[in-house]
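Results of the structural survey
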Amino acid sequence: MKVLLSGNEAISRGAYEANVSVATAYPGTPSTEILETIRQYPEIKAQWAPNEKVALEVAIGASLGGARSLVAMKHVGLNVAADPFLTLSYTGVGGGLVLVSADDPGMHSSQNEQDNRHYARLAKVPLLEPANSQEAKDFVGIALQISEQFDTPVMLRTTTRISHSKSLVELGERRWSAQVPFEKDPAKWVMVPAHAKFRHLFVEARLEDLAEWIWRSGLNTYEFNDRSIGIITSGVAYQYVKEALPEASILKLGIAYPLCPKQIRIFANEVEKLYVVEELDPFLEEQIRMLGIEVIGKEIIPKTGELSTEIVRKAFYPEDYELFTDRPKPLPKRPPVLCAGCPHRASIYGLKRLGIRVTGDIGCYTLGALPPLSGIDSCVCMGASIGMAEGLTLADPKYAGNTVAVIGDSTFLHTGIQGLLDAVYNKARITVVILDNRTTAMTGHQDHPGTGVTLSGERTKAVNLSKLVEALGVEFVAVVDPLNQEKFKATVEEALAFDGPAVVISRHPCILKVRKKQDPYYIDPAQCTGCHACIQIGCPAISVAGCHNAINQASCIGCGLCVQICPEGAIKKVGEASA
Amino acid sequence: MPKVTNIALVGVGGQGIILAGKVLAQAAVNAGFDVKLAEIHGMAQRGGSVITQVRFGEQVFAPTFGNGTADYLVAFERLEALRHLPLLAEQGVLLLSDTLLQPITTATGMAAYPRNIIEQLKEKCPRFASFSAEYAAEKLGNPKVANILMLGILSTYLSDIPETAWQEALDQLIPEKYLAINKEAFATGVGLAAQQNEVAG
Ligand SMILES: Cc1ncc(C[n+]2csc(CCOP(=O)(O)OP(=O)(O)O)c2C)c(N)n1
């Protein structure tokens, strides 16, 4: 039977069918649904890790114990997991191990669009790139076979269009595979220089064996048509090529690293002009050129953003598009916003009123950097806010006692703890505001070590944030509800004045999690002077209406932040008598 | 190449566009087609502009399609209809659930919400029909089922997908307790489409 599955759902199914028994991840778009759907299979022990490095290390341990394991992350997650990943290449595996890296060309929801195919080359491990959901499912099983046959971790790389597009998939049964029990083998598993030296030789030989094996693997396929144009491509780019250039000859790579030089040469010899169509970096192109083969790639295909049928067609037939040059008038943008009632709005607005520097982190609250709130000054990567706040105070002492790092609860537990440890160790005069909304909201409300619930929904110990930061040596720790603006402001001021690193836990549950709607508010036009102070909080329920402002009763959830901001007392609860 | 039908569903995060896309794609599968559906998760859900693309035919390659190639554009908000209008093919059909939702940029006065959107849509698109879908859905008891109501309207244009394929898709994807109202919404959409003649440009 064929069913419609997203690439992510297909990967989960592939893991199930290929007898995976351990799956780990830290959420991150576009990879999150892999673990969220894998938990439906009771045969697989699936769990969230606090970050990608730990997720991979748990998977490595499972592999050491002979289990087939899968670990999933978004592209930047592999930066965090790079340390174990690069040495895992040396140790190789016990049970098969597949690492899914979900890249985000076009940055639909990411801070950069790095091309993770380079990691396969850096780690010298094979890289599979599915071009639709059927392949996404099948390649998991193939990756695990390769992993066990060649004693290597295997990278399965998707992009947003593979992970989040649905297409038809033929389902199969779960296939049994033998679990090799743990065997003490220090020369393989203990990577000290004396052992690693030999493993490096093994890694290099493995790559050559793989290149030879690819030749007969059937993973790369020729499609010969008109031979005037020959295109080497992989992943979703293959689909754009099929559509834009149905007449072209194609070498479709299912395994995009390592390349099989023999195969590339044969294809190059069969076609008049050789092209590479690939998203982002000239990854295939440069390697093909290194083989001494002439090829056209990034001269005509963009290096940034996603490709599309249109972009590929335009690259080959620019003359077709000359007509469409008139640019329509730009329309008002519709960026995402913090929800009505979001506690982050109260925290960010409260900090903005203090007129201080605010280093930011990644999560829903990053939206507080956009106008009209404009309350965050930086965003680099998860966990960066704390170290960066400290760095600011080093750059100029005037920032000491004047700088706040804002970081979400999930992000703090991901990679924020070490930053705070550094602040304590080096006596930084910064305040860290942990925006504790009791969930990983940005990626769709996943649990984390602070929520007391596991991926499978079981109750577990929830880390106590106050005790944790105290244990790190922080001597000022306060918990406050940001929706009480006066108290919030006073608490942060006290923290800023404290001689040493201070932590304010700004605690209020995510409004989408609790879904508790209180009576909405309205603006009394008789009292509203049109000062627009309430507009400055960027609440989607409040809009400019003529010379006054208005609150949309359907969207207002009655959080009461605007009431505390209106200087005229013009905002009132529906149903309460007006004064 | 055999004909592929391209449909874009556009609107604002929270309007049920992802679900509508799934039902449409499943209906096409039930009708025996090859199908691809492309959606974007993540940031788009926080009240941002949202687009889902569905393609069906004998064989479909790319998950997405570009400007000037949509056979149908189903829009759940005026400004989003205008924003995505370039997707529509020359003879394409625009179906609008006529709602106005201020984006944060215009709600805060940083930009002005265009005044004459309906006129512009009529002028640029000869096959344009507009419906008070949320109003009709509210009368059924829940404005949120406007998404399925619009699919009912769309279904009357897609002669390749039989009624049974739609009903089956609803059965497969809508949770039991919301099924009745969604089926009602779908039927209401079918009825509305029959009443309304396309507004000629
Ligand atoms: C290394 C890395 N992993 C994952 C992500 C995806 N991601 C962005 S923010 C975030 C977590 C946000 O949770 P939290 O800090 O609690 O803030 P909230 O969204 O709940 O406000 C995740 C998982 C990322 N950007 N970088």
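Keep in mind it's a predicted model, so treat the numbers as computed, not measured.

1. Looking at the sheet that holds strand β18 (residues 502-507) of chain A
Residue and element names in this part refer to chain A. If you trace the 5 strands from one edge of the open sheet to the other, you get β14-β15-β16-β18-β17, paired in parallel fashion. Pairing within the sheet leaves two strands with one partner each, and these edge strands are β14 (357-359) and β17 (476-480). Neighbour to neighbour, the strand axes of the sheet diverge by 20° on average, direction disregarded. Note that β14 and strand β15 (residues 403-408) share 3 bridges and pair parallel. Considered in β15, the bridge of R357 is made with T403. Helix-sheet contacts for helix α15 (residues 384-395) involve β14, β15 and β16 (431-436), and the interaxial angle to β15 is about 175°. Strands β15, β16, β17 and β18 of the sheet are contacted by helix α18 (residues 485-497), whose axis makes an angle of about 170° with β17.

2. Notes on unusual backbone geometry
Residue and element names in this part refer to chain A. The omega angle of the peptide bond from T29 to P30 is 5°, so this bond is cis rather than trans. Note on placement: P30 falls in the loop between β2 (22-25) and α2 (33-38). A cis geometry characterises the amide bond from Y257 onward to P258, with omega recorded as -5°. Summarising the element assignment, P258 is placed in the loop between β12 (255-257) and α11 (261-270). At D151, a position not held by glycine, the phi torsion is positive, near 55°. Mapped onto the elements, D151 comes out in the loop between α6 (133-150) and β7 (154-159). Residue class for D151 comes out buried when judged on its relative accessible area of 17%. Phi at R438 is positive, roughly 65°, even though this residue is not glycine. Position of R438 among the secondary structure elements: in the loop between β16 and α17 (465-471).

3. So, the side chain of Q287(A)
Of note, Q287(A) is situated in helix α12 (residues 283-290). Using a relative accessible area of 10% as the deciding quantity, one classes Q287(A) as buried.

4. A closer look at the interface of chain B and chain A
Across the boundary between the two partners, chain B contributes 47 residues, which contact 44 residues of chain A. Summed over both sides, the interface between chain B and chain A buries roughly 3800 Å², with carbon and sulfur atoms accounting for 64% of that surface. The interface formed by chain B and chain A includes 3 salt bridges. Across the chain B-chain A interface, the total number found is 12 residue pairs in polar contact (both at pLDDT 80 or more). Put simply, the parts of the chain that give the side of chain B that touches chain A at least two residues each are α1 (17-30), β2 (34-38), β3 (49-57), α2 (78-84) and α3 (104-107) of chain B. Examining the composition of the side of chain B that touches chain A, we find that 5 residues originate from one element, β2(B), more than from any other.

5. Looking at the sheet that holds strand β1 (residues 2-6) of chain A
Read across the sheet, 8 strands follow the order β1(A)-β8(A)-β2(B)-β3(B)-β1(B)-β4(B)-β5(B)-β6(B) without closing on themselves; strand pairing throughout is mixed. A single partner strand is all that each edge strand has here, and the edge strands are β1 of chain A together with β6 (128-131) of chain B. Within the sheet, the average angular offset between the axes of one strand and its neighbour, ignoring direction, is 20°. Across 4 bridges, the pairing between strand β1 (residues 4-12) of chain B and strand β4 (residues 70-75) of chain B is parallel. Considered in β4(B), the bridge of I7(B) is made with Y72(B).

6. A few points about helix α1 (residues 7-17) of chain A
Residues and elements named next belong to chain A. With 10 of 11 residues buried, α1 is to be regarded as a mostly interior element. For α1, the complete set of buried residues consists of G7, N8, A10, I11, S12, R13, G14, A15, Y16 and E17. Positioned one or two residues after α1, N19 has a phi angle of 65°, which is positive.

7. Focus on the packing of aromatic side chains
Residues and elements named next belong to chain A. Scanning the entire structure with this criterion turns up 11 aromatic pairs over all chains. An aromatic cluster of at least three residues, connected via ring pairs, comprises Y222, F224 and F267. Over the aromatic face of F202 sits the side chain of R199, whose NZ or CZ is 4.2 Å from the ring centroid. It is R227 that lies over the ring of F224; its NZ or CZ is 4.2 Å from the centre.

Definitions and cut-offs
Residues numbered from 1 in each chain as written. Chains lettered and ligands numbered in written order. Predicted model: local features only at pLDDT ≥ 70, side-chain atom pairs only at ≥ 80, totals over all residues. Heavy atoms only, no water. Pairing = 2+ DSSP bridges. Helix = DSSP H or I, 4+ residues; strand = E, 2+ residues; numbered from the N terminus. Axes fitted to C-alpha atoms, helices over the stretch in contact; angles between N-to-C directions. Contact = heavy atoms within 4.5 Å. Buried < 20%, exposed > 50% of the residue type's maximum accessible area, 1.4 Å probe, protein only. Buried area = accessible area lost by both parts, 1.4 Å probe. Salt bridge = Lys/Arg side-chain N within 4 Å of Asp/Glu carboxyl O. Polar contact = N/O pair within 3.5 Å; in protein donor to acceptor, adjacent residues only side chain to side chain. Phe/Tyr/Trp six-rings, centres within 6.5 Å; stacked < 30°, edge-to-face > 60°. Lys NZ or Arg CZ within 6 Å of the ring centre and 35° of its normal.

Any functional reading would require information beyond the geometric quantities listed.
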